[in-house]
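Each chain is listed here by its residues.
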Amino acid sequence: MEKLKAAQLFRNDLIPISGKLVERYNQCLKILGLTETKLTSFSIDGLGWSPEIAEEKKVIHYLNNGEANPNAIIITPFQKGKPVYMPFHTFDRDMMQLIFKTHGDRINDITRDCAICVDFDQYIDAFYEPLDVLKYKDISISFKLINNLDKVQKQQFELINTFKQGHNFIDENLHQRLLESAKTYGDLRHRNLELNELYFATDSFYTKAFGGVYVLRDFITPIVVFEDEKWHKEAIKDTSHDVLIYHISQPELLDKLRDHLIIEYNLDDVVKTARYERIKKFMFSQFLKETQHPIKDILDDKVLFKGYLNKLPIEDRKRVMSVELYLEKMEVSNQYKLADIVDVELFEALQQPHSSLNPKHQDLIWKLLVNISSLDVLFLYWYDKEQFYKKYRDWDDSLKDWVIATIRNNI
């Protein structure tokens, strides 16, 4: 990962946490019913998730109390607008944006000397069956301050009101209680500490529950796509829901998505794009073994590309160039079938969200598509960094250089 870090492509927007903030973070963990960290310094993302603590606990989504009960921690206003690197749902970042948009000023005030525990309640205590993910609808977002600072503020107001009544201003016991509260918590009279409950409405989304599930319910018929084979088999036994259920590897899935106007393709147009060239080159790189030149040079240099392409066995060569071969043949005659010529994996990689979808739905469908076919390394990096990092570890060093340059040139 050192090359990615040097190129600022690996979690480069994390916020460093140390000193007093560590203590506040641990207080939040205790309030959420989680074990404290022993680390004296770490970093966090926009949700308050820390890669160092995840590694310490050996649990990636350690802020969750089970798959149905996600949480967040806010200990600094600098979390506003920061990436959420390990979202459990595709709408996690949207919820954090709603929080800061609504309560940004109060968060600035509160985090001067306090931290905020955030509970995302989708009114599901626990998951029992894979289609329980269909219960996701409205989510309530509630807040709790460490040391109950908002409640202490109310107590201070009550003491002050009592102080102002009758001859209470001479009550030494009341004086002492006011002083003790002020010394411990400061003067809270002019602080904005009340964070009202918020509500977030879900539509189509992805969740990591049950090994990863896409819930597409804004289209002709609700479609549920499972990444995990075991949970897919469990789900298809459930006949109580009127939904279409697929495993992500089923060939029929793409056909259904096209029928529902969720995805589309146009080979004539796509071959003219940088995206096609990127996908074709990466696919080509998978056939390159024991080369005399660095893979990056082969992919970037037209002469080397053609030279190594012609060294491939004829069947591999046809796979890499299958789209162009198909289009050439179609110019002569329309009797050819796409499935007989175009490589399946390459064809899958050239699908795209339907142009009629709104931007939020397009992002979700891109995430689904890059997990069906991961040949587009740029879009894989954009839409599923976790999967990108896993695959990146196994690539040739020179291929890593090409991938990094490809991403950098498109940022």
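Since this is a predicted model, take the numbers as computed values, not measurements. (Residues numbered from 1 in each chain as written. Predicted model: local features only at pLDDT ≥ 70, side-chain atom pairs only at ≥ 80, totals over all residues. Heavy atoms only, no water.)

Peer 1: What exactly am I supposed to notice about the overall build of the protein here?
Peer 2: For the protein, the helix and strand inventory stands at 20 helices and 12 strands. Evaluated residue by residue, the protein yields a buried proportion of 47% over its 411 residues. Pairs at least 24 apart in sequence give 64% of the contacts found in the protein among residues at least 6 apart. In the form shown here, the protein has an accessible surface area of approximately 21400 Å², with 48% of it arising from carbon and sulfur atoms. (Helix = DSSP H or I, 4+ residues; strand = E, 2+ residues; numbered from the N terminus. Buried < 20%, exposed > 50% of the residue type's maximum accessible area, 1.4 Å probe, protein only. Contact = heavy atoms within 4.5 Å. Areas by Shrake-Rupley, 256 points an atom, 1.4 Å probe, with all protein chains shown as cover.)

Peer 1: When you look at the sheet that holds strand β9 (residues 223–226) in this model, what are you seeing that I'm missing?
Peer 2: The strands that make up a sheet are held in pairs by hydrogen bonds between backbone atoms, and each pair lies either parallel or antiparallel. Taking strand neighbours across the sheet as the criterion, the four strands line up as β7-β8-β9-β10 in an open arrangement whose pairing is mixed. Two strands bound the open sheet, and with one partner strand each, they are β7 (205–207) and β10 (244–247). With direction set aside, neighbouring strand axes in the sheet form an average angle of 15°. The pairing of β7 with strand β8 (residues 213–216) spans three bridges and is antiparallel. Paired with Phe205 across the two strands is Val215, which belongs to β8. Here helix α8 (residues 251–259) sits on the sheet and contacts β8, β9 and β10; the angle it forms with β10, its principal contact strand, is near 135°. Against the sheet, helix α17 (residues 359–372) makes contact with β7, β8 and β9, and its axis sits at roughly 140° relative to β8, the strand it touches most. (Pairing = 2+ DSSP bridges. Axes fitted to C-alpha atoms, helices over the stretch in contact; angles between N-to-C directions.)

Peer 1: Honestly, the nonpolar core in this entry has me stumped. Any pointers?
Peer 2: Here is a general trend for soluble globular proteins: nonpolar side chains tend to be buried in one another's company. One finds Leu216, Leu257, Ile262, Phe284 and Phe388 to be the most contacted residues of the largest nonpolar core, which totals 67 residues. At seven residues, α17 tops the list of elements feeding residues into this core. Contact partners of Phe388, with chain neighbours within four places excluded, come to Leu4, Val377, Leu380, Tyr381, Trp395, Val403 and Ile407. One finds Cys114, Phe200, Phe205 and Ile245 within the second-largest nonpolar core, a separate group that totals 64 residues. (Core = buried A, V, L, I, M, F, W, Y, C linked by side-chain atoms within 4.5 Å.)

Peer 1: I'm lost on the packing of aromatic side chains in this one. Help?
Peer 2: A full pass over the atoms with the stated rule returns 22 aromatic pairs. Centre to centre, the rings of Phe91 and Phe200 are 5.7 Å apart; their planes meet at 35°, and the pair counts as tilted. You can see Phe91 sitting in the loop between β3 (71–74) and α4 (92–110) and its partner Phe200 sitting in strand β6 (residues 198–201), a full 109 residues away along the chain. In terms of burial, Phe91 and Phe200 fall into one category: buried. The interplanar angle of 70° and the centroid separation of 5.4 Å between the aromatic rings of Phe282 and Trp395 together place this pair among those described as edge-to-face. In this pair, Phe282 sits in helix α10 (residues 274–285) while Trp395 sits in the loop between α19 (385–392) and α20 (397–408), placing the two residues 113 residues apart along the sequence. On the basis of relative accessibility, which here comes to 5%, the residue Phe282 falls in the buried class. When the ring centre of Tyr308 is taken as origin, the NZ or CZ atom of Lys311, which lies over that ring, is 4.5 Å away. Positioned over the ring face of Tyr206 is Lys367, at 4.6 Å from the centre of the ring. (Phe/Tyr/Trp six-rings, centres within 6.5 Å; stacked < 30°, edge-to-face > 60°. Lys NZ or Arg CZ within 6 Å of the ring centre and 35° of its normal.)

Peer 1: Can you walk me through the layout of surface pockets in this structure?
Peer 2: It is a probe the size of a water molecule, rolled over the atoms, that shows where empty space is left. By volume, the largest pocket amounts to about 1100 Å³. Every residue lining the largest pocket is counted, 38 residues in all, and those nearest its centre are Val84, Pro87, Arg93, Trp382 and Tyr383. Looking at the lining of the largest pocket, the elements with two or more residues in it are α4, β6, β7, α17, α18 (377–383) and α19. Tallying contributions element by element places α17 first for the lining of the largest pocket, with five residues. Among the residues making up the lining of the largest pocket, the classes are represented as 18 nonpolar, seven polar and 13 charged. (1 Å grid on protein atoms, 1.4 Å probe; cavity = no way out; pocket = protein on both sides within 12 Å on 5 of 7 lines; lining within 4 Å. Points joined across faces, edges and corners; volume = space filled by probe spheres on them. Nonpolar A, V, L, I, M, F, W, Y, C, P; charged D, E, K, R; others polar.)

Peer 1: What is the right way to read the pairing of strand β1 (residues 15–18) from this model?
Peer 2: As a general feature of sheets, a regular strand has side chains that alternate between the two faces. Here β1 shows one buried face, formed by Ile15 and Ile17, and one open face, formed by Pro16 and Ser18. Examined bridge by bridge, β1 and strand β2 (residues 41–44) share four bridges and lie antiparallel to one another. The residue of β2 that forms the bridge with Ile17 is Phe42.

These figures come from the coordinates and say nothing about function on their own.
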